[in-house]
Amino acid sequence: MTATPPPAGRPRSELPAIARHAVTVLAGQLAVMAFGVADTVVAGRHSEQALAALSVGSAVFISVYVALMGVVQALLPVWAELRGARRFEDVGRSVRQALYICALTCVLGMALLLAPAPVLRWAQVPEALQGEVLRYLGMLALGLPPALLFRGYSTLNQSLGRPLLVTWLQLGSLAVKLPLTVWFALGGAGLPALGAVGCAWATVLVNYLMLAIALWLLRTQPLYTPYRLWRRVEAPDPRQLALFARLGVPAGLAILVEVTSFTLMALFIARQGTVAAAAHQIAASMGAVLYMAPLSVAIATSARVGHWLGAGDARQARHAVGVGLGLAALTALALAGTVLLAREGIAGLYSHQPAVVALAGMLLGWVALYHLADALQCVCVFLLRCYRITVSALLVYCLLLWGVGLGGGYWLAYQGGYGVAPWASPAAFWMASAGALALTACVFLLMVRRAVRRSVSL
């Protein structure tokens, strides 16, 4: 977006900036993930039924929320480029236009969460679970608007390279969420035990609290002054909204495919019984926690890459790409090895039922392998958005994650054939998904390499 690129020379090291940004984002993301971990642990202590209902309900909610969140988060490279080009007031205008996108995603998401019965029937979720799942999702529908608006605030901060305020908010909210979850789910002080629905109550209250503080910060902190955020909201700008749609819709759909390939496992596994569903919830919870590390690296790296592309320095952007991918690979190796060695102890932290712990311990071995591929593809897909490559990434996800991963897992678990007997275990889904993610990571690495080379040669 600048007219003259900087002179050629050795690129400045991006490692300190990316590492600082990633660690800051990671601290906040882990605090948010601790919401889900706390819900899983508390629901497991309440009853096996509550844990199984939480597993199914959270799978539906995450599929809806993360897909819509992806539409908002896809704007990160847009705002990073505008900042890199020093078009500060254009950042403010773009943020105000993004409010129209947020409003649309809120309406769509609430409608989906308030009418999940067809999905539950299609997935053959046992009727004994459906009542609590419906109540859980109905409560979370009320908390979706503040969650998506806060994600917009978070994305803005990340694009500006200033994620610390978001992290402090997320850490502080955890201190509120934990006691509320225990109180609402397990009961006490005159309140009956609400199980999984109590976990949802706590999440909704915390979401509104976080949004209120974020709005106050936007109004009062000097950090946001150059961007003129608090001007009157302009009428919808078709050109700006079309740009958002070209980035956000494919990105949101890609994340929907990615997440549903993960969360639909919970719905298919639910028919194997409460032990299988509970064990899978433990494995999925740990997989989600592990994912926060490469996600943080991806956010930090894409912010730097977007900034340098906006500043007209494609060579520095290329350097940031290499640093981000290397950091993600090293981090993934360390985390996967830790989970592999400590899988039985980790499972025991979630549940006290021997059958659940034994199955979950076995699944965590597959989670470790799954994470290695997941880390690389996560960073790659964020980088592809910086280079405006979204539709082809969506097609790769559909083919490999849905087709090879989810479809292959279903075939292994319930159908079999060609000399392979059905293996009615959650492990069938994890094994197929790990293989699909490995293929996805290889394809995305090639796509990133080609995009970077083309950018540098221009």
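These numbers were taken from a predicted model, which means no experiment stands behind them.

Visitor: Looking at this structure, I do not really get the overall build of the protein chain. What am I missing?
Guide: Secondary structure summary: the protein chain contains 15 helices and 0 strands in total. A compact globule built from 458 residues should have a C-alpha radius of gyration of about 23 Å, and the protein chain, at 22 Å, falls within 12% of that. Along the first, second and third principal axes, the C-alpha set of the protein chain runs to 65 × 55 × 35 Å. Relative to its 458 residues, the protein chain shows a buried fraction of 57%. Put simply, of all contacts in the protein chain between residues at least 6 apart along the chain, 82% involve residues at least 24 apart.

Visitor: What am I meant to see in the side chain of threonine 105 here?
Guide: Within the secondary structure layout, threonine 105 lies in helix 4 (residues 88–113). Given a relative accessible area of 5%, threonine 105 falls into the buried group. Excluding its chain neighbours within four sequence positions, the residues that come into contact with threonine 105 are Leu68, Val71 and Leu148.

Visitor: Any chance you could explain unusual backbone geometry here in plain terms?
Guide: Trans is the prevailing form of peptide bonds, just as negative phi is the prevailing case for residues other than glycine. Phi at arginine 86 takes a positive value of approximately 65°, unusual for a residue other than glycine. Structurally, arginine 86 is set in the loop between helix 3 (76–84) and helix 4. For arginine 86, a relative accessible area of 61% puts it in the exposed group. The phi dihedral of arginine 228 is positive, around 50°, even though this residue is not glycine. Within the fold, arginine 228 resides in the loop between helix 8 (196–220) and helix 9 (238–269).

Visitor: Even after reading the chapter, I still don't get the nonpolar core, so can you show me in this structure?
Guide: Note that soluble globular proteins tend to have their nonpolar side chains buried in a common cluster. If you look at the biggest cluster of nonpolar residues, it comprises 120 residues, and the most contacted ones within it are Val305, Tyr387, Trp430 and Phe444. Ranked by residues supplied to this core, first place goes to helix 10 (residues 274–310) with 20 residues. Those residues within four positions of tryptophan 430 in sequence are excluded, and the remaining contacts are Phe262, Met265, His280, Ala283, Ala284, Leu363, Trp366, Val367 and Tyr370. Residues Phe150, Phe184, Ala214 and Leu217 belong to the second largest nonpolar core, which totals 32 residues.

Visitor: How do you make sense of a nonpolar patch on the surface when you look at a structure like this?
Guide: The grouping of Leu99, Tyr100, Leu149 and Val233 at the surface amounts to a nonpolar patch, some 300 Å² of accessible area in total. The topology assignment puts leucine 99 in helix 4.

Visitor: Before we go on, may I ask you to explain the pattern of salt bridges in this structure?
Guide: Proximity of charged atoms lets side chains of opposite charge pair with each other. Scanning all chains against the criterion turns up 7 salt bridges. For glutamate 89, the salt bridge goes to arginine 231, with nearest N and O atoms at 3.3 Å. Placement of the pair is glutamate 89 in helix 4 and arginine 231 in the loop between helix 8 and helix 9, with a sequence separation of 142 residues. Residue classification places arginine 231 among the partly exposed residues on the basis of a relative accessible area of 42%. If you follow the salt bridges from partner to partner, you end up with Arg87, Asp90 and Arg93 in one network.

Visitor: Would you mind showing me how to read the packing of aromatic side chains here?
Guide: Two numbers describe a pair of aromatic rings. These are the distance of the centres and the angle of the planes. For the structure on display, the rule yields 11 aromatic pairs. Ring centres 6.2 Å apart and planes at 15° place the aromatic pair phenylalanine 268 and phenylalanine 429 in the stacked group. Within this pair, whereas phenylalanine 268 is found in helix 9, its partner phenylalanine 429 is found in helix 15 (residues 426–457), the two being separated by 161 residues in sequence. Residue phenylalanine 268 is classed as buried on the basis of its relative accessible area, which comes to 8%. Through a chain of ring-to-ring contacts, the aromatic side chains of Phe268, Tyr410, Tyr414 and Phe429 assemble into a single cluster. The positively charged end of arginine 219 is found above the aromatic ring belonging to tryptophan 230, 4.8 Å away from the centroid.

Visitor: Whenever I open this one, the environment of alanine 424 confuses me. Can you help?
Guide: Residue position: alanine 424 is located in the loop between helix 14 (391–415) and helix 15. Once the C-alpha coordinates of alanine 424 and histidine 307 are considered, the two residues, 117 residues apart in sequence, prove to be 48 Å apart. Not counting chain neighbours up to four residues away, the residues in contact with alanine 424 comprise Gln272 and Ala413.

Visitor: I keep staring at the packing of helix 7 (residues 164–186) against helix 8 and nothing clicks. Help me out?
Guide: Packed helices, taken two at a time, are described by the angle between their axes plus the distance between the axes. Where helix 7 meets helix 8, the axes come as close as 8 Å, and the angle between the chain directions of the two elements is 155°. With respect to each other, helix 7 and helix 8 are oriented roughly antiparallel. Both helix 7 and helix 8 take part in a crossing whose hand is right-handed. Of the residues in helix 8, those touching helix 7 at Leu165, Leu169, Gln170, Ser173, Val176, Lys177, Leu180, Thr181, Phe184 and Ala185 are Gly198, Cys199, Trp201, Ala202, Thr203, Leu205, Val206, Leu209, Met210, Ile213, Ala214 and Leu217.

Visitor: Would you mind going over the confidence of the model for the protein chain with me for this structure?
Guide: Do not read the predicted coordinates in detail wherever pLDDT is low. Taken as a whole, the protein chain shows an average pLDDT of 86; of its residues, 96% reach a score of 70 or greater. At the low end of the mean pLDDT range in the protein chain sits helix 5 (residues 117–122), at 80; at the high end sits helix 11 (residues 314–341), at 94. Contacts for the low-pLDDT stretch residues 1–7, under 50 throughout, to residues beyond four places or in other chains number 14 contacts.

What counts, and at which threshold
- Residue positions within a chain follow its written sequence, with the count starting from 1.
- Residue-level local features of this predicted model are given only where pLDDT is at least 70; pairs of side-chain atoms are given and counted only at 80 or more, and the full residue set underlies all totals for whole chains, interfaces and linings.
- Calculation of side-chain values draws on the structure's entire complement of heavy atoms; hydrogens and water are dropped beforehand.
- A run of H or I in DSSP counts as a helix once it spans at least four residues, and a run of E counts as a strand once it spans at least two, with each numbered from the N terminus.
- For the radius of gyration, the atoms used are the C-alpha atoms, and the globule rule reads 2.2 Å times the number of residues raised to 0.38.
- Relative accessible area decides the class of each residue, using a 1.4 Å probe on protein chains only: under 20% of the type maximum gives buried, over 50% gives exposed, and in between gives partly exposed.
- The contact criterion used is simple: two residues touch if any of their non-hydrogen atoms lie within 4.5 Å.
- Take the buried Ala, Val, Leu, Ile, Met, Phe, Trp, Tyr and Cys residues and link them wherever side-chain atoms come within 4.5 Å; each set so joined is a nonpolar core.
- The patches described consist of residues with a relative accessible area above 30% and no salt bridge, like charges being joined within 9 Å and nonpolar side chains (Val, Leu, Ile, Met, Phe, Trp, Tyr) within 5 Å.
- Computed with the Shrake-Rupley method and a 1.4 Å probe, the accessible areas treat only the protein chains shown as cover for residues.
- Take a side-chain nitrogen of Lys or Arg and a carboxyl oxygen of Asp or Glu: if they are within 4 Å of each other, that pair is a salt bridge.
- Classification of ring pairs rests on two measures: the distance between centres of Phe, Tyr or Trp rings, Trp counted by its six-membered ring, which must be within 6.5 Å, and the angle between planes, read as stacked under 30 degrees, edge-to-face over 60 and tilted in between.
- Either the NZ atom of lysine or the CZ atom of arginine qualifies as a charge over a ring when it sits within 6 Å of the ring centre and within 35 degrees of the ring normal.
- Note on geometry: axes are lines fitted to C-alpha atoms, helical ones only across the stretch in contact, with angles between N-to-C directions running from 0 to 180 degrees.
- Angles are sorted into four bins: roughly parallel if under 35 degrees, roughly antiparallel if over 145, roughly perpendicular if 65 to 115, and oblique for all others.
- Throughout, a crossing is termed right-handed when the near helix is turned clockwise from the far one, and left-handed when it is turned anticlockwise from it by less than a right angle.
- pLDDT: the predictor's confidence for each residue, scored from 0 to 100.

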